[in-house]
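Listed here are the chains, written in short residue letters.
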Amino acid sequence: MGVWLNKDDYAGDLKRVILCFLIVYMAVVADTDQDFYSLLGVSKTASSREIRQAFKKLALKLHPDKNPNNPNAHSDFLKINRAYEVLKDEDLRKKYDKYGEKGLADNQEGGQYESWNYYRYDFGIYDDDPEIITLDRREFDAAVNSGELWFVNFYSAGCSHCHDLAPTWRDFAKEVDGLLRIGAVNCGDDRMLCRMKGVNSYPSLFIFRSGMAAVKYHGDRSKDSLVSFAMQHVRSSVTELWADCLTSQTRLRLSGMLDGLVNVGWMDCATQANLCTSLDITTSSTAYFPPGATLNNKEKSNVLFLNSLDAKEIYLEIMHNLPDFELLSADTLEDRLAHHRWLLFFHFGKNGNSNDPELKKLKTLLKNEHIQIGKFDCSSAPNICSNLYVFQPCLAVFKGQGTKEYEIHHGKKILYDILAFAKESVHSHVTTLGPQNFPANDKEPWLVDFFAPWCPPCRALLPELRKASKHLYGQLKFGTLDCTVHEGLCNMYNIQAYPTTVVFNQSNVHEYEGHHSAEQILEFIEDLMNPSVISLSPTTFNELVKQRKHDEVWMVDFYSPWCHPCQVLMPEWKRMARTLTGLINVGSIDCQQYHSFCAEENVRRYPEIRFFPPKSNKAYQYHSYNGWNRDAYSLRIWGLGFLPQASIDLTPQAFNEKVLQGKNHWVIDFYAPWCGPCQNFAPEFELLARMIKGKVKAGKVDCQANAQTCQKAGIRAYPTVKFFPYERSKRNIGGEQIDSRDAKQIAALIYEKLENLQKHGMRNKDEL
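Presented here is a report on the structure given in the accompanying data block. The structure presented is a predicted model; accordingly, all values stated were derived computationally and were not measured. (Residues numbered from 1 in each chain as written. Predicted model: local features only at pLDDT ≥ 70, side-chain atom pairs only at ≥ 80, totals over all residues. Heavy atoms only, no water.)

As for the pairing of strand β17 (residues 477-482)
Successive residues of a regular strand alternate their side chains across the two faces of the sheet. Taken across its 6 residues, β17 has 5 buried, putting it largely inside the fold. Summarising the sheet, strand β15 (residues 430-432) and β17 pair through 3 bridges and their orientation is parallel. Residue pairing in the sheet places V430 in a bridge with F478 of β17. Taken together, the 6 bridges between strand β16 (residues 446-451) and β17 define a ladder with parallel strand orientation. Note that in β17 the partner of L447 across the bridge is F478. Read from β16 through helix α18 (residues 456-471) to β17, the crossover connection turns out right-handed. (Buried < 20%, exposed > 50% of the residue type's maximum accessible area, 1.4 Å probe, protein only. Helix = DSSP H or I, 4+ residues; strand = E, 2+ residues; numbered from the N terminus. Pairing = 2+ DSSP bridges. Right-handed = clockwise from strand over helix to strand, strands pointing away.)

Here's the deal with the nonpolar core
Within the largest apolar cluster, 39 residues are counted, with the highest numbers of intra-cluster contacts made by M555, W573, M576, I584, V667, L688 and I750. For this core, the secondary structure elements donating two or more residues are β21 (554-559), α22 (564-579), β23 (608-612), α24 (632-640), α26 (676-691), β28 (720-724) and α28 (743-767). A total of 6 residues in this core trace back to one element, the largest contributor, which is α22. Filtering out sequence-adjacent residues up to four positions away, W573 remains in contact with V533, M555, V556, D557, V586, G587, S588, I609 and L635. (Core = buried A, V, L, I, M, F, W, Y, C linked by side-chain atoms within 4.5 Å. Contact = heavy atoms within 4.5 Å.)

Digging into the pairing of strand β18 (residues 500-505)
Counted residue by residue, β18 has 5 buried out of 6 residues, so it is predominantly covered. In this structure, β16 lies alongside β18, joined through 5 bridges in antiparallel fashion. Paired with F450 across the bridge in β18 is T500. As judged from the 5 bridges shared by β18 and strand β19 (residues 508-512), these two strands associate in the antiparallel manner.

Observations concerning the sheet that holds strand β1 (residues 132-134)
Read across the open sheet, the 5 strands follow the order β1-β3-β2-β4-β5; overall the sheet is mixed. Across the chains shown, the open sheet's two edge strands, defined by having one partner strand only, are β1 and β5 (215-216). With 5 bridges joining them, strand β2 (residues 150-155) and strand β4 (residues 204-208) adopt antiparallel strand pairing. Within the sheet, the bridge partner assigned to V152 lies in β4 and is F206. Its contacts with the sheet put helix α8 (residues 160-175) on β1, β2, β3 (181-186) and β4, and the angle it makes with β2 is roughly 160 degrees. (Axes fitted to C-alpha atoms, helices over the stretch in contact; angles between N-to-C directions.)

A word on the state of the cysteines
Following the criterion strictly, the structure yields 8 disulfides and no others. Across a sulfur-sulfur distance of 2.0 Å, C187 and C194 are joined as a disulfide pair. Looking along the S-S bond of the C187-C194 disulfide, the torsion reads about -90 degrees, which is the left-handed sense. Residue C194 is classed as buried on the basis of its relative accessible area of 1%. The residue that forms a disulfide with C483 is C490, at a sulfur-sulfur distance of 2.0 Å. Between C483 and C490, the disulfide has an S-S torsion of -90 degrees and is therefore left-handed. Of the two residues, C483 and C490, both sit in the buried class. (Disulfide = S-S within 2.5 Å.)

Digging into the side chain of R93
Considering the arrangement of structural elements, one finds R93 in helix α5 (residues 90-99). Side-chain polar atoms of R93 contact the side chain of Y37, separated by 3.1 Å. In this structure the side chain of R93 is engaged in a polar contact, spanning 3.1 Å, whose partner is the backbone oxygen of K44. Once you skip the residues sitting within four places of it in the chain, R93 turns out to touch Y37, K44, T45, A46, I51, V86, L87, P456 and P457. (Polar contact = N/O pair within 3.5 Å; in protein donor to acceptor, adjacent residues only side chain to side chain.)

Some details on the sheet that holds strand β25 (residues 648-649)
Pairing is mixed across the open sheet formed by 5 strands, whose spatial order is β25-β27-β26-β28-β29. What marks the edges here is a single partner per strand, and that holds for β25 and β29 (736-738). Running at roughly 155 degrees to strand β26 (residues 666-671), helix α25 (residues 652-660) makes contact with β26, β27 (697-702) and β28 of the sheet.

Written as structure tokens, this is what we have:
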């Protein structure tokens, strides 16, 4: 039986249905709009360690293993797992901050996670230990080059021996806290760093100090053995003069902790009774004599007597009593900064002393850099600090040119980070910008980094800018602009995400979109100065590509500026183009600007990469790139594969007659057709053949078809590259092996060998 509704009832029900729908819709939207930071419960300023800790806490709570009755457990966990995978990666985090999830279109991998036990026992093993600093790829160099002594544990979360060592490593870290820095590197998260440091087994323990080679620990993994090994590398010196009852081990530890700050000594009151009596010392004790202290009993009030026998307690007490940094006055500030390098602490009012007594080591650790340490009270001269854009306590490096050349520190306020900043900054050419010195109409080119101090990718980029500035000194100026201080200036340049790095060259403005590394910044600048990719229009495309000469080849990228995969491709495209100079012409065409032309060329997607081979009588011909990887290496291999072979295929007879008995220099690629690395190396060898053409001949020997020849030449692996120089005496069939797979490196090695041969020949002529 049907139920009839009157008009008012129907209208009321309809309103309720719409209201329910809106509530559900808003809930769904709110859920999908929840950003990655909110999902993990961290702020945008969160460090890598804070992100790991937050994710671990959520993983243990929300893991499907612990929520078997929740049908949404899997999808909920995937959300926080995805958030963590993005935010822990510096480059992905920048893309997410700038574009949101649409900026991660090319990085959708995920959907897998570990068991609950993994997050409980294996994840971030040392994140909760205050004495152990977990170092990632960006922090590592700054830490071990700071001048402090570091003992670092390279581990893997899945390694049982690493877990066995963990309790001992924690106890050891507490034992030597203050004497040296204890670090940990998770090789699961930072595989490249571990590979670069030669770590091939876990756990691997290394001692690092700036200026010396790393020393690997090979002893047993007990706390006493680790302490004994560490003490061998601690600089310590104890003079016999001080009155104390400390053990010799405690004296050595104290000496190491106070190295360069305080001289450590000891004195036996049984043999120095008069001196002890003059100091009114009747029982064993420990005393600290500050600068200017006297041994006169009547005036020994400035001598500090310590009751503790613990090295760390004595160390902390002495550190608190060491003199503070020099306070500079407003009247002399400009003059003092104009004649010396300074690391200056800015404070406001009475709270001028550093909260961390460890920072008093800066004076000693920066002595070789000729950097003086001081402090300045902004409340005494607000206008000076305002002109320097200093509005809160901070520190800055001044480079010996007054207040014109300086850089504010935006990293961690801990000793090793400040040390790394000071050492990098005084030797680099990066300056802090503001409205007064912003290069709006400067005739010289500038690279300006628009950033926010709370943004972790911004802080990671700063040391890379310093490295790049040293290479480009005199060609390009570097500056940084804090958008939290100069919001109006950043808005004027439409800065919508941090960091945004822009090159200003008079009226031309170029935004940098590459990775945060000095190498790629240098590549970007090199490409601006000497473009490797030709920007094509419909007219120039017809003239240069369609009407190309018979021996010319082209690779062209059809792109659109709004297309994110196109943005990711562009730096790789330029990098590839530089490696193909003289072999393949490389161009790009903007399909947003020339939309109808691209439609006529049947371009249906972006980016569309095409190779145009040597011109023939056939119809208009090209090859489209359908590979999965769009990196410079893969694209170069693909393009080189279309070029005619420049090397010579050698039979056993030809190898014997032309290489061993001929009068030319030869470089030979010994390969097997079924060998994957050989196939990958083949285009690179062809590139080498073209690079050395006219000076050295390039040949290839198929070791599957000519096994005996390869056996005589001592070939044990494929591919093997050997150099056979021409000499008057009979050549060795074994040749000279070259352990490189890079065409430029091989060419450089060959030219070096040829130069040595020529010098050797000249010496022989002189002797004759």
